[in-house]
Amino acid sequence: MSEVGTARLRKEDARLLTGQTRWTDNIDATGMLHLAVLRSPMAHARVDRVDVSPALERPGVVAAFSGADLAEGMGSLPCAWPVTEDIVLPDHPPIATSEVRFAGDPVAVVVARDRYAAADALEAVEVEYTPLPPVLDLEEALAEGAPLVHSDKGTNRCYDWPLRTGEDFAEVRRRAEVTLKRRYHQQRLIPNAMEPRAVVVTPTAASDEYTVHSSTQIPHILRVMLAVVTGVPEHKLRVVAPDVGGGFGSKLQVYGEEAITLAVARRLGRPVKWTESRSEGYLATHHGRGMIQDIEIAANRDGTLLGLKADLLVDMGAYLMLVTPGIPILGAFMYPGIYKMGSYELNVTGVFTTRTPTDAYRGAGRPEATYAIERIMDELADELGLDPVELRRRNWIRHEEFPYTTIAGLTYDSGNYEAATDKALALFDYDKLRAEQADRNQRGDTVRLGIGVSTYTEMCGLAPSRVLRDLRYAAGGWEAASVRMLPTGKVEVVTGTSPHGQGHATSWSQIAADVLGVPFDDVQVVHGDTRAAPQGMDTYGSRSLVVGGTAVHHAATKVVDKARKVAAHLLEANEGDLEFTDGVFSVKGSPDARRTIQEIAFETFTSHDLPDGVEPTINAGHLTDPDNFSYPHGTHLCAVEVDTETGQTRIRSYVAVDDVGRVINPLIVEGQVHGGLAQGIAQALYEEAVYDEEGNLVSGTMADYLVPAAPDLPEFVTDRTETPATTNPLGVKGVGEAGTIASTPAVVGAIVDALRPLGVRDLRMPCTPERVWQALKEASA
Amino acid sequence: MTRISVKVDGTVYQDEVEPRLLLIHYLRDRLGLTGTPIGCDTSNCGACTVDLDGASVKSCSVLAVQADGSEVTTVQGLARDGEWTALQHAFHERHALQCGYCTPGMLMAARDLLRDNARPTPDEVRHALEGNLCRCTGYQNIVRAVLDAAETAEQGVAT
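Residues numbered from 1 in each chain as written. Chains lettered and ligands numbered in written order. Predicted model: local features only at pLDDT ≥ 70, side-chain atom pairs only at ≥ 80, totals over all residues. Heavy atoms only, no water.

Visitor: Help me understand empty space enclosed by the protein, please; the structure alone is not making it clear to me.
Guide: Empty space among the atoms can be located by rolling a probe the size of a water molecule over them. Residue and element names in this part refer to chain A. Summed over all chains, the structure comprises eight cavities of 30 Å³ or more. When its volume is computed, the largest cavity comes out at roughly 720 Å³. Taken together, 49 residues form the lining of the largest cavity, with Gln502, Thr539, Gly541, Ser542 and Gly736 sitting closest to its centre. Elements with a contribution of two residues or more to the lining of the largest cavity: helix H10 (327–332), helix H16 (504–516), helix H17 (544–570) and helix H19 (666–685). In terms of residue class, the lining of the largest cavity is made up of 23 nonpolar, 21 polar and five charged. Approximately 130 Å³ is the volume found for the second largest cavity. Residue lining of the second largest cavity: 16 residues in total, with His92, Phe102, Gly256, Ala284 and Met321 positioned closest to the centre. Across the lining of the second largest cavity, the residue classes tally to 10 nonpolar, four polar and two charged. (1 Å grid on protein atoms, 1.4 Å probe; cavity = no way out; pocket = protein on both sides within 12 Å on 5 of 7 lines; lining within 4 Å. Points joined across faces, edges and corners; volume = space filled by probe spheres on them. Helix = DSSP H or I, 4+ residues; strand = E, 2+ residues; numbered from the N terminus. Nonpolar A, V, L, I, M, F, W, Y, C, P; charged D, E, K, R; others polar.)

Visitor: Before we go on, may I ask you to explain the pairing of strand S18 (residues 447–457) of chain A in this structure?
Guide: Strand residues, when the strand is regular, have side chains that alternate between the two faces of the sheet. Residue and element names in this part refer to chain A. Among the 11 residues that make up S18, 10 are buried, leaving the element largely enclosed by the rest of the structure. Inspection of the sheet shows S18 paired to strand S26 (residues 633–643) by 11 bridges, in the antiparallel sense. In the strand pairing of S26, Val447 is matched with Asp643. (Buried < 20%, exposed > 50% of the residue type's maximum accessible area, 1.4 Å probe, protein only. Pairing = 2+ DSSP bridges.)

Visitor: What exactly am I supposed to notice about the interface of chain B and chain A here?
Guide: Interfaces are frequently sized by the accessible area removed from exposure as the parts join. At the interface, 45 residues of chain B touch 54 residues of chain A. Put simply, chain B and chain A have six salt bridges between them. Across the pair Arg28 of chain B and Asp25 of chain A runs a salt bridge, and its minimum N-O distance is 2.8 Å. One can count 26 residue pairs in polar contact (both at pLDDT 80 or more) joining chain B with chain A. When residues in the side of chain B that touches chain A are grouped by element, the largest group, four residues, is from helix H2 (residues 86–93) of chain B. In terms of residue class, the side of chain B that touches chain A is made up of 18 nonpolar, 18 polar and nine charged. (Contact = heavy atoms within 4.5 Å. Salt bridge = Lys/Arg side-chain N within 4 Å of Asp/Glu carboxyl O. Polar contact = N/O pair within 3.5 Å; in protein donor to acceptor, adjacent residues only side chain to side chain.)

Visitor: I tried to follow the sheet that holds S26 of chain A on my own but got confused; where do I start?
Guide: Across a sheet, strands are paired by hydrogen bonds formed along the backbone, either parallel or antiparallel in direction. Residues and elements named next belong to chain A. Strand order in this open sheet of four strands is S18-S26-S27-S28, and the pairing throughout is mixed. The open sheet has two edge strands with one neighbour each: S18 and strand S28 (717–720). Direction aside, the axes of adjacent strands within the sheet are offset by 10° on average. Looking at chain direction, S26 and strand S27 (residues 649–659) are connected through 10 bridges and run antiparallel. Looking at S27, one finds that Glu641 is bridged to Arg650. Against the sheet, helix H20 (residues 738–755) engages S18, S26 and S27, with an angle of about 145° to S18. (Axes fitted to C-alpha atoms, helices over the stretch in contact; angles between N-to-C directions.)

All quantities given are derived from atomic positions and should not be read as evidence of function.
Put into structure tokens, the structure is as follows:
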């Protein structure tokens, strides 16, 4: 029986269900100290004086440091994606020395024997600030004479990144029968992984060696970067990502606290732990989205798209974190979506503000792009008097046209938008809901029905290293795996991906079990430790299965290839005469002449009788560098009921049909889609990081920032079509971000659709009852 | 310092604690029972939910001294002789956890619900779990798991 495609229950669950977990904050060490961080209470200020000495007199305190105390030997935090040659790259000290640039910027740390003592002693640190003007509005920030976030740079403009392809858009605009222009706002979001960030550094001081446990998505990248930032040599650093409680991009980062904790542990020669509180995390863990999108579309009256223009103003926040400038570039190629058109013009402008830095959040650039194209397609459909699904049908790439190179220059290898859409429409009962909508509109019902559609694609499987070079990303896109058959026939798979809830141990076991013909339970997956899994590029951007799973497949195939050589030798047959089925090598025509792969593993362990030139034991490593991205797609349909008297939106039904290529484990795929939907719907309806005019984060706790709970979300209907990727041997495409990318425009589109007869043309996210009610009031005025 | 005596997962502990020490920190830092995690500092997320004398509480909102003389059950005390409860089985079978960070709290809150309401409707499950946030599952599989466990419990298996 094939493991791949089976809804295997997860190997990971046992310890998570019984509390036998290894979260970073669970880690303890003899003599361990607790570090607490004092943070700027204002958005922008000069730091005139920091005196940590009063903190040293507090009970339990062992040490305290200002930014200046720690500056020596500490480099700037890295930005690995300087997207243009002339990008403005400000210095980013892990702890502020002379100026704070967002509320939450660290200014001092205290180290004490327990966490209460450390937190208490922060109050004793004396800091004097001279307030400087905050920089909050993206357009004002670019105006002449605006206050500067980084005064030494002379501008708040971080970079301009243009892309122009196909016909000149100005020309297309002149020729088009219809043009539409819209402005969309991507509000800032707080990622809210359930596990707060934590780091524990355990030194072996005598040899200047350190084990860094961190709640990170990227142990391998973190190791390199910590070496660069702190000066601890890379070979003396071991980074371990133990159980990690979610990331959604927020743990794809090299944070100041990781560098600070390492530096302090090094100075003190003792283990040091830092764990953020949730409200501290809201200030200091990077935010997502944060963008103003000016979108223009040109079409003919029959709905044929001619071109698209997008101008993006993107809020970098105060500093460039690991991939901050690159996030909108990931989206830049996706604005044309699944549609054919002859002209595309885009400009991205990165802007510094005195707010928490932004960086990757689930989907990272692609949800923003999908939102813009899907929303303006709805508006175009309305303008042309076409059904929004019909408008999409007239423009999308047809199944027989794949592979297809889009106007943005991406080659989509495979897809079937017709199949996914037809399936979604059938599951949704589209025509019936449209009839009910018309009926309610006619009756003037105070509760209106609206239908939203999103026919999305995304770009997963980051990425061919050569492409990353062309995009000026300072790392590769390859992934590593190794497969080792132990003497008893059990198997260890080592992967360079580093999961935090995605179930890699289960899916990777399924892949390896199939290739090797061994039982699923005989496979163990090792990950998240730079010593045990020394090579890798970690987990983000739905790359793990597409790149990392492919590496596992290839490494396992190499193991079988070697086993075949040994089997042929032992069976005195030619390799070409051997069949390999369900873990058994047999000679064609002589079924009794057979060896199991487990027997071969033992033979290679004893090494008593190996063919000439074959080395003992069977391990194989493989590093995969993909040829292309992968392009999952799908159609999501959402029906909402909007109470026009209260502004309250209720999702009545939600259908998601996703095509993520071949499915390794349907249970995990469905779970990923559910979670993605929750986050995308949350952007549409609930979540926003709100700042006041001074630059303070008003939504600074979970009490003020609405992470949806169980009653806030509907039951989802999920289904799939399966169009295998042609660019990897597994045919997989990636699923982690699909639900998030697709759902936000479907939900907002549905609300606008419900209220359009009442004069509402657009809504700003999140579509809270108050905002909906205000929009209705303005429309009727 | 105040002297307390608390029974946690079947073991009695006698300790001197600061009056301000939160129960969650007592469990994690003093007793080393790290199965119960901390997700926020405003009692919104529910990750630290434990059972205190037969009611689920957020252990970040209870002082250790308030637990004096009480019996606490954490996720680590659910399985008996290695045998999982129906809820644990149902969470596993329904894929009701991904990163698993909210799972201990979810299990404890769901257990409390099923004690009061042996056959809840899906809406009742959603409302009962309102104080427990999950960022991974979209809640759907958690709700399914709780409903499954209710059904199993009716057949005489402990939740």
